[in-house]
Amino acid sequence: MTPTLYSATSQSLGTLVSVERTAHGISGQTTNGNFLVSVYNPSVFKISISKNRFEDFSYAVVGKPEPCEVKTEDHDSVLTLVTSAAKLVITKNPVRFSLQTPDGGVINEDDTFGTAWNGEQVTTYKKLQPGERFIGLGEKTGGLDRKGHAYQNWNSDAYGYHSGADPLYCSTPFYIGIHQHLVYGVFFDNSYKTFFNFGASNNRFASFSADAGEMTYYLIHAQSVSEIITHYTFLTGRMELPPVWSIGYQQCRYSYYPDKEVITLAKTFRDKDIPADAIVFDIHYMDKYKIFTWDEKNFSDPKGLIGFLKQQGFHVVVMCDPGIKVEAGYKAYYEGVKENVFIKYPDGENYQGQVWPGWCHFPDFTNPAARAWWAEQFRDYVALGVDGFWNDMNEIATWGHSLPENLEFDFEGAKATTRRGRNLYGFQMARSTYEGTKKLLKGKRPFNLTRSGFSGVQRYAAVWTGDNVSYDEHMLLGVRLVNSMGLTGIAFAGYDAGGFVGDANTKLFARWISIASFSPFFRAHTMINTRDSEPWSYGEEVEQICRNYIRFRYQLMPYIYSLFYDASKTGMPVQRSLAINYTHDPLVYSGLYHNQYLFGPSILVAPVESNKELLKIYFPEGTWYDLYTGKQWQGNREAIIESPIHRLPVFIKAGSVLPMRPAQAHAGITTTELALHIYAGQESSEFLLYADDGETFHYQQGQYATRLIQHFGSQNRVVVGEAEGAFKTSYQKLKVVWHGTQAAQVTINGKILPLKQENHSFFTPLEKYDPINDPDSMGEEPVCWMETAYTDERIEIRW
């Protein structure tokens, strides 16, 4: 019996007519279309479905099929592609796809509807599996588990968005499914407006659809969420290492002007001993908001200003909006028209949209000539000493919020309209800025930040969560957004600490800075006509709290920079949803605990509202040390924790070794001391410590140093492997600190060394507290420690 094709308005792929083998899989013709299956590696299957010919083009995907053994089996009713990791089973009548384990367990399978067209819209329907959860999709509001919700991808200028708003600025159409101790990933590579339904308003299927274009998606299966992320970033690429200064603290507002205010700002950071690495120039540095210009009245000597800031250890990040004002005599406008680089209407007229400078043209970043032109515009910035670039308003944002859908984009000569190009605009702008400034900086790494993006944007830029709002719910929402962006390959992400829209109060700013000090991108920002929002602007108590947490981040720089190296190699995020490490623990998905995350493998952060001094948290599997007091908590349990405004709940996993250094005024100051903080426990761990010069691409030619740190918990032994790579660090002294154990004797490479004991804290007690009745307002713990000469040779520590 031939299955019904449902209705005249919804047409499925149909039944198999013919099939052929290809270099990397198979292609098939059906009664209503065509499909192409390509095996990229044993864990990754690409499925393309179309009514017509296939288009082999993607801005998102850079990975190529790798050689691997694929066995193709053709039976009466099914085709099967078998690899060492999984098998893809394709029924012939009707054509439906099922990803299975090697022994036949269902990982992901089509619903009866399979892939179907409704006019131009194409949708793939997947059966909901028992107990299935869904995580990912990047910058999406809501909880960690997406089950029961629906989302759309259509990059939008979402000023002051609320906690349930959708869509926002950045689209990453990739999610991870979890059920019955199985995990898989789906990446839907289509840049038209797309929709994801995870059992919203139905209990039958999950689906993903696009307004037009091909149904091209990748099915990924692996043994863990971390492996899924690694495979996804194999497809969409990984970041190059950013300059080390960019992971320090950045201070921004809309806007710091005139130049005297910028100078005062820089001096105040140094005078108050608050570390910082960057000052960000918002649009008031420009002449009437025109990109690639300077306001000659308020910034009369930009080169001198930037030179002074560099002497103080500050880098400059400048706002870069895509709108080029239509104005006679404006160089960028004149050259852009001459070079024919702007987006056009179908009749060839350059599109105009109104934004900050007035009526503007917009470069077509899908045109190679436009990318080359845009890159050249940064020459003057670089000559002045600018090495940080902030791509904003690139959704494209215009007054009226109704970008015409008939605009024409070049698409590398293939031509397309806004319907296909809008979600890619910010991504390709970030690409153009990064490629151009990287070339102009001649070996130095640029810092590049974007508001809008698409899958693959991590190759070119950090991403921040846009125009957030100054209240507690938004603070916690930002944490979840960054957690989710990490699940979709964007390892360098963050939010505006303190909130952009509105005025933060004292407690909110203090709490937000403490949380943000454990985020990949660390920037405070606020909008025009709001109160000052620097660490010292909220009184002495908040200033001390902010100083403590910012300085602690700088102490953690060896640890954090190593996490960025890991991201560049594996795609693993710096800020990690608990779903990565504790995938099948149902409590990590609870609304009580879904704000918690790991900062790298060892640090558990439990964000909490600024007005709460008690927090119920969940300790996942393992043993956890209180950062402030050293108190140990056993995992797999819930607990009520004190959370006064000066102490964010933070815990260190037993068995970890944290590499640290003394805090410095900025990340560019080298230190001679490396400290290893050993958190004793029965658990074992490994951590790859990474270092390089922090500013060039020489690491890609071997100028780096790595050391594998292994903690053998049950043996009371730590081994620091021999340094590998050609880079020589500045370390001369090694300090080892033990937490949770009072070692009686310590040997290093067999030599007994003397131990010292002290009450330790990473933080300075707050001066406002009573020094007699409450002398340790930040807490302290008894530790033992020793010092020895640093060496690149293998170091074995026993106690």
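Quick caveat, the model's predicted, so the values are computed rather than measured.

1. Examining the overall build of the protein
Right, so step 1: Assigned secondary structure in the protein consists of 12 helices and 52 strands.
Right, so step 2: Computed over its C-alpha atoms, the radius of gyration of the protein comes to 27 Å, within 12% of the 28 Å expected for a compact globule of 799 residues.
Right, so step 3: Along the first, second and third principal axes, the C-alpha set of the protein runs to 85 × 70 × 50 Å.
Right, so step 4: When each of the 799 residues of the protein is scored for burial, the buried share is 65%.
Right, so step 5: Put simply, the protein shows about 28,700 Å² of open surface, and 47% of that area lies on carbon and sulfur atoms.
Right, so step 6: Side-chain charges of the protein comprise 73 positive and 87 negative groups, with the mean position of each set lying 2 Å from the other.

2. Comments concerning the packing of helix α10 (residues 540–555) against helix α11 (residues 557–570)
Right, so step 1: Two elements in contact, α10 and α11, have axes separated by 5 Å at closest approach and are oriented at 60°. Along the contact surface, α10 presents R553, Y554 and Q555, while α11 presents M557, P558 and I560.
Right, so step 2: Of the residues assigned to the contact of α10 with α11, the class counts are four nonpolar, one polar and one charged.

3. What about the pairing of strand β20 (residues 249–253)?
Right, so step 1: Here β20 lies mainly inside the structure; five of its five residues are buried.
Right, so step 2: Alternating positions in β20 separate into two faces, Y249, Q251 and R253 on one and Q250 and C252 on the other, with burial throughout.
Right, so step 3: Direction of pairing for β20 relative to strand β33 (residues 521–524): parallel, over a ladder of three bridges. Within β33, the residue paired with Q251 across the bridge is A524.
Right, so step 4: By the bridge criterion, four bridges tie β20 to strand β21 (residues 278–281) in an arrangement that is parallel. Looking at β21, one finds that C252 is bridged to V280.
Right, so step 5: As a crossover connection, the stretch from β20 through helix α2 (residues 259–271) into β21 is right-handed.

4. Re the side chain of S43
Right, so step 1: Residue placement: S43 occurs in the loop between β4 (34–41) and β5 (44–50).
Right, so step 2: Residues contacting S43, with those up to four places away along its chain left out, are A85, L219, I220, H221 and H231.

5. Structural notes on the state of the cysteines
Right, so step 1: Summed over all chains, the structure comprises zero disulfides.
Right, so step 2: The thiol sulfur of C546 is not disulfide-bonded, and the nearest other cysteine sulfur, from C252, lies at 16 Å.
Right, so step 3: A relative accessible area of 0% means that C546 is categorised as buried.

6. Some words on the confidence of the model for the protein
Right, so step 1: Of the residues in the protein, 98% have a pLDDT of 70 or more, and the chain-wide mean is 96.
Right, so step 2: A low-confidence stretch, residues 1–6 (pLDDT under 50), is modelled with 10 contacts involving residues beyond four sequence positions or located in other chains.

7. Quick look at the layout of surface pockets
Unoccupied space between atoms shows up once a probe the size of one water molecule is rolled over them.
Right, so step 1: By volume, the largest pocket is sized at about 980 Å³.
Right, so step 2: Residue lining of the largest pocket: 39 residues in total, with E55, D56, F57, E214 and T216 positioned closest to the centre.
Right, so step 3: Looking at the lining of the largest pocket, the elements that each hand over two or more residues are β4, β5, β19 (215–222) and α7 (418–440).
Right, so step 4: No other element matches the four residues that β5 contributes to the lining of the largest pocket.
Right, so step 5: A breakdown of the residues in the lining of the largest pocket according to their chemical character gives 16 nonpolar, 13 polar and 10 charged.

8. Regarding the nonpolar core
Right, so step 1: Within the largest apolar cluster, 197 residues are counted, with the highest numbers of intra-cluster contacts made by F281, Y285, Y381, F518 and I603.
Right, so step 2: The element that contributes the greatest number of residues to this core is α11, accounting for eight residues.
Right, so step 3: If near-sequence neighbours (up to four positions away) are discounted, Y381 is found in contact with Y285, I291, F292, T293, W294, V318, V386 and F389.
Right, so step 4: Core analysis: the next-biggest nonpolar cluster, separate from the first, contains 37 residues, F45, A86, L137 and A206 among them.

Conventions used here
- Residues numbered from 1 in each chain as written.
- Predicted model: local features only at pLDDT ≥ 70, side-chain atom pairs only at ≥ 80, totals over all residues.
- Heavy atoms only, no water.
- Helix = DSSP H or I, 4+ residues; strand = E, 2+ residues; numbered from the N terminus.
- Rg over C-alpha atoms; globule rule 2.2 N^0.38 Å.
- Buried < 20%, exposed > 50% of the residue type's maximum accessible area, 1.4 Å probe, protein only.
- Areas by Shrake-Rupley, 256 points an atom, 1.4 Å probe, with all protein chains shown as cover.
- Lys, Arg positive; Asp, Glu negative; His and termini not counted.
- Charge placed at Lys NZ, Arg CZ, Asp CG, Glu CD.
- Axes fitted to C-alpha atoms, helices over the stretch in contact; angles between N-to-C directions.
- Contact = heavy atoms within 4.5 Å.
- Nonpolar A, V, L, I, M, F, W, Y, C, P; charged D, E, K, R; others polar.
- Pairing = 2+ DSSP bridges.
- Right-handed = clockwise from strand over helix to strand, strands pointing away.
- Disulfide = S-S within 2.5 Å.
- pLDDT = per-residue confidence, 0-100.
- 1 Å grid on protein atoms, 1.4 Å probe; cavity = no way out; pocket = protein on both sides within 12 Å on 5 of 7 lines; lining within 4 Å.
- Points joined across faces, edges and corners; volume = space filled by probe spheres on them.
- Core = buried A, V, L, I, M, F, W, Y, C linked by side-chain atoms within 4.5 Å.

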